Amino acid sequence: MDHFLYRNGILHAEDVALPDIAAQVGTPVYVYSRATLTRHFRLFDQALAGMDHLVCYAMKAASNQALLAVLAREGAGMDVVSGGEYARARAAGVPGERIVFSGVGKTESEMRMALMGGIRQFNVESEPEMALLNAVALSLGVVAPITIRVNPDVDAKTHAKIATGKSENKFGIPIARARQVYAEAARLRGLDVVGIDVHIGSQLTDLAPFRMAYRKVAELTETLRADGHNIRRLDLGGGLGIPYTRGNEPPPLPVDWGQVIRDEVGHLGCQIEIEPGRLIVGNAGLLLSQVIYIKEGEGRHFLILDAAMNDLIRPAMYDAHHDIVPVVESGLGTPEVPMDVVGPVCESGDTFARGRMLPPMASGDLVAFRSAGAYGAVMASEYNSRPLVPEVLVDGDQFAVIRARPTFDEMINRDTIPGWV
Ligand SMILES: *Cc1c(COP(=O)(O)O)cnc(C)c1O
C-alpha cells in the first residue's frame, strides 16, 4: 500500500497534488512519500516483533540524506556497502552500532573509517578481506566484530543481474568451506566472530529460496557452535520483492517473510538482522515526468518524455517494468492506445516500455512512473549532460526539495580545464 492516490482525478502524493510539485520544481523529479516510507519500515520491524532484532535498511536502494533521516528517527539501522554510504548514514544521525558493512571489495581506508567511527559488524566476504581487516584492527588497537557471508548456492529465481546466492556469483564464501574459514577467523586476534550473514538476491517474489537458505544457515549455526564458535547473531539479508505491476499477484508480505525466519532460525536464540532495501523505499517513490512530443512512427506511436534512462535506468538495465500512469486521470471508458514510451537520450536503450496501453496524451501532460523509489535516483547519472534529477519529499500537505536540480553552470563547473590545455 502506498500514499499515491487520485483525488478529484489528479494524482497526489499524500495531500500534495503532483502538478503543484511539477510547477514549482520542474520535471523530471523523484517524489517520495514519508508516510509510505515509514509504513514500510514498520512492517518489517513488526514482522520480527518479539525477537531480538534490528532492521538495517539497505541504503544503496535510495540514500538521500532526508530519507535516511526519516528512517533513522524510526530507529532503523543501516546496511552500507561503501565508505560514502557509511559517511551518509552517520551524517543522517545513525549511530555506528546500528551500521553493518557489506560488500565484496571493502578497502583498507573504508575499514579504518568504520573501525574508528564505530560499527556494529563487518559482513566479511572472503579470506583476503578477513586478513586485511584483522591487520587494520590490530594496527588501530581495536577488535572488529564480524560475520562471515556464506554463499548457500540457492537459486533466488530473480533477474540474473541481481541474483547473489549461487556459487557462480562473486558473493560470500562457499558454505561448504565455512567451517574451515570460521576456524581461521577464530585464530585472528583482531576479529570477534559474532555470527553468520547471508543475502541471496533482490526482487524475490517467492519465499522458498529464503527458506532454503535460512535452513542451511541454521544447520551451519549448530555446526559452528559445536566447533566452539559463539554464534549469537544472524544477518539474513534483504531481497523481498515489491509488486511492480498492479493487478498481478502480489509478492509475499514482510510478515510472511518474518514467519519463514521464525520457522527456520527462531529456535537458535540468535539476534536477528535483516537488510531490506527495495521494499522499504520502492513504492514510496515515483518519478514524475512531462510529455514532450507524441511522434507517429511507422505503425507505432512514440510517447517522448523529458525523463530518460539516465534518470531511471531500471528498464534498460534489468528489463524492469514500471507502471506508467497519467497524472490527470482519463475519463472512464477512454480508449487506450499502445505507445512506446521513450526518453530523449541518443540511444535506443532509452526505452521505458514498448506497446504500453495508455490513454491519449498530449505534449505538456504529466505522467508518473510508479514504484521508482528504489534503485531509481541512486542510479541516475548526467549522461547526455542532463543535470542530475532532483528529489522531493512529501509529508502530509507539505513538500520540500531534498536534492536540487543542478544548474548547467554547476554541472559544468565540476570539471576543470588544466592550464596547459
Ligand atoms: C542489495 C542488498 C540488500 C538489499 O536488497 P533489496 O532487494 O533491496 O532488499 C541487502 N543486503 C545486501 C548485502 C545487498 O547487497
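For every chain, the first residue of its written sequence is number 1, and the numbers climb from 1 along that sequence. For this predicted model, a pLDDT threshold of at least 70 governs which residues receive local features, and a threshold of 80 or more governs which side-chain atom pairs are given and counted, while totals over whole chains, interfaces and linings are taken from all residues. Only hydrogens and water are set aside when side-chain values are computed; all heavy atoms of the structure are taken into account.

Participant: Sorry, what's going on with unusual backbone geometry here?
Facilitator: Most peptide bonds take the trans configuration, and most residues that are not glycine carry a negative phi. Residue P28 follows T27 across a cis peptide bond; omega there is -5°. Mapped onto the elements of the fold, P28 is located in the loop between α1 (18-25) and β4 (29-33). For N8, which is not glycine, the phi torsion reads 50° and is therefore positive. Under the DSSP-based scheme used, a helix requires at least four consecutive residues in state H or I and a strand at least two consecutive residues in state E, with every element numbered from the N terminus. Looking at where N8 falls in the secondary structure, it is placed in the loop between β1 (4-7) and β2 (10-13). Exposure remark for N8: the relative accessible area of 81% places this residue in the exposed category. A positive phi is found at K157, a non-glycine position, where the angle reads about 55°. Relative to the assigned elements, K157 resides in the loop between β9 (144-151) and β10 (173-174). Each residue's exposure class comes from its accessible area (1.4 Å probe, protein chains only) as a fraction of the maximum for that residue type: buried when under 20%, exposed when over 50%, partly exposed otherwise. Look at K157 and you get exposed, because its relative accessible area is 60%.

Participant: What is the right way to look at the domain arrangement of the protein in this model?
Facilitator: Many descriptions give the size of an interface as the accessible area lost when the pieces come together. Where each domain starts and ends comes from a domain assignment, either automatic or drawn from a database. The assigned domain composition of the protein is domain 1 (4-31 + 283-412) and domain 2 (34-281). For domain 1 versus domain 2, the distance between C-alpha centres works out to 32 Å. Whether two residues touch is decided by their heavy atoms; if any such pair falls within 4.5 Å, the residues are in contact. Taken together, the contacts link 24 residues of domain 1 with 26 residues of domain 2. With both chains or domains summed, domain 1 and domain 2 bury close to 2200 Å², and 52% of this area falls on carbon and sulfur atoms. One side-chain nitrogen of Lys or Arg within 4 Å of one carboxyl oxygen of Asp or Glu is enough to make a salt bridge. Where domain 1 touches domain 2, the interface holds two salt bridges. Between D395 and R34 there is a salt bridge; the shortest N-O distance is 3.2 Å. Each polar contact in these results corresponds to two N or O atoms within 3.5 Å; when the atoms are within protein, one needs to be able to donate a hydrogen and the other to accept it, and residues that are neighboring in sequence are counted only if both atoms are side-chain atoms. Summed over the shared surface of domain 1 and domain 2, the result is 13 residue pairs in polar contact (both at pLDDT 80 or more). At four residues, strand β20 (residues 391-395) tops the list of elements feeding residues into the side of domain 1 that touches domain 2. Taken together, the residues of the side of domain 1 that touches domain 2 sort by class into nine nonpolar, seven polar and eight charged. For any pair of parts, buried area is found by adding up, for both, the accessible area (1.4 Å probe) each one loses once the two are put together. Here the nonpolar group is Ala, Val, Leu, Ile, Met, Phe, Trp, Tyr, Cys and Pro; Asp, Glu, Lys and Arg are the charged ones; every other residue, Gly included, is treated as polar.

Participant: Explanation requested: the site of the ligand in the structure shown.
Facilitator: Around the ligand sit 15 residues in total, of which K60, S202, E275, R278 and Y375 are the nearest. At a separation of 2.8 Å, an oxygen atom of the ligand approaches a polar backbone atom of G239. Y375 is positioned with one of its side-chain polar atoms (N or O) 2.6 Å from an oxygen atom of the ligand. Using a 1.4 Å probe, the Shrake-Rupley method yields the accessible areas, and only the shown protein chains count as cover for residues. If the ligand stood free it would expose 380 Å²; the protein chains cover 93% of that surface. Looking at side-chain class alone, the shell around the ligand contains three nonpolar, seven polar and five charged residues. It suffices for a single heavy atom of a residue to lie within 4 Å of a molecule or strand for the residue to be listed as near it.

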